[in-house]
Amino acid sequence: QVQLVESGGGLIQPGGSLRLSCAASGSIFKINDMDWYRQAPGKQRELVARITSGGNTNYADSGKGRFAISRDNAKNTVYLQMNSLKPEDTAIYSCNAKIVGTNLVFYDYWGQGTQVTVSS
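Since the model is a prediction, treat every value here as computed from it, not as a measurement. Counting of residues starts from 1 at the beginning of each chain's written sequence and follows it residue by residue. The predicted origin of the model limits local features to residues at a pLDDT of at least 70 and limits the giving and counting of side-chain atom pairs to 80 or more, whereas totals for whole chains, interfaces and linings rest on all residues. Only hydrogens and water are set aside; all other atoms, that is, all heavy atoms of the structure, feed into the side-chain values.

Chemist: Help me understand the sheet that holds strand β3 (residues 18-26) in this model?
Modeler: Each strand in a sheet pairs with its neighbour through backbone hydrogen bonds, running either in the same direction (parallel) or in the opposite one (antiparallel). Across the sheet, which stays open at both edges, the four strands sit in the order β1-β3-β8-β7 with antiparallel pairing between neighbours. The sheet is open, and its two borders are formed by β1 (2-7) and β7 (67-72), each paired with just one other strand. Pairwise comparison of adjacent strand axes, ignoring direction, gives a mean angle of 15° for this sheet. If DSSP finds at least two bridges between two strands, the strands pair. Note on conventions: DSSP H or I runs of at least 4 residues are helices, E runs of at least 2 residues are strands, and numbering of each starts at the N terminus. One ladder, built from six bridges, connects β7 with strand β8 (residues 77-82); its direction is antiparallel. Directly across from A68, in β8, lies its bridge partner Q81. The angle between two axes is taken between their N-to-C directions and runs from 0 to 180 degrees, where each axis is a line fitted to C-alpha atoms and a helix contributes only its stretch in contact.

Structural data, given as structure tokens:
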């Protein structure tokens, strides 16, 4: 069994910064892509950023130049550094990981989500 646990959300003023973390634990053989998604009230969930096992990154246009995704493979953890936050960044942020378990079965796991609220 695998768990993803996110942390780092909260209330922040416009222009501020937050760093989200998502740690995977359990019966893990390998972690492939690790993603951050967000869902704002009344909107569909959208991909914010992706990082491959090799460190290649992709960003949604909304976060380019402001967000940075990174990972620590030794800690099975993915991070999302968010700078110059705007009210429209308010959402529940969730991590997703494509994991190969120790049974060599492929799994698609989600974290529980962390609330980010950007407001003055």
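Once the structure has been displayed, the description carries forward.
Chemist: Even after reading the chapter, I still don't get the environment of S17, so can you show me in this structure?
Modeler: Following the sequence through the fold, S17 ends up in the loop between β2 (10-12) and β3. Linking S17 and N83, residues 66 residues apart in sequence, is a C-alpha distance of 4.4 Å. Ignoring sequence-local partners within four residues, the contact set of S17 consists of I12, Q81, M82, N83, S84 and L85. Counting of polar contacts relies on pairs of N or O atoms within 3.5 Å, with two restrictions inside protein: one atom must be capable of donating a hydrogen and the other of accepting it, and residues adjacent in sequence are counted only when both atoms are side-chain atoms. Separated by 2.9 Å, the side chains of S17 and N83 make a polar contact. By definition, residues are in contact when any of their heavy atoms lie within 4.5 Å.

Chemist: When you look at unusual backbone geometry in this model, what are you seeing that I'm missing?
Modeler: Of note in this structure, N76 is not a glycine but carries a positive phi near 50°. Positionally, N76 belongs in the loop between β7 and β8. Although it is not a glycine, L104 adopts a positive phi angle of roughly 65°.

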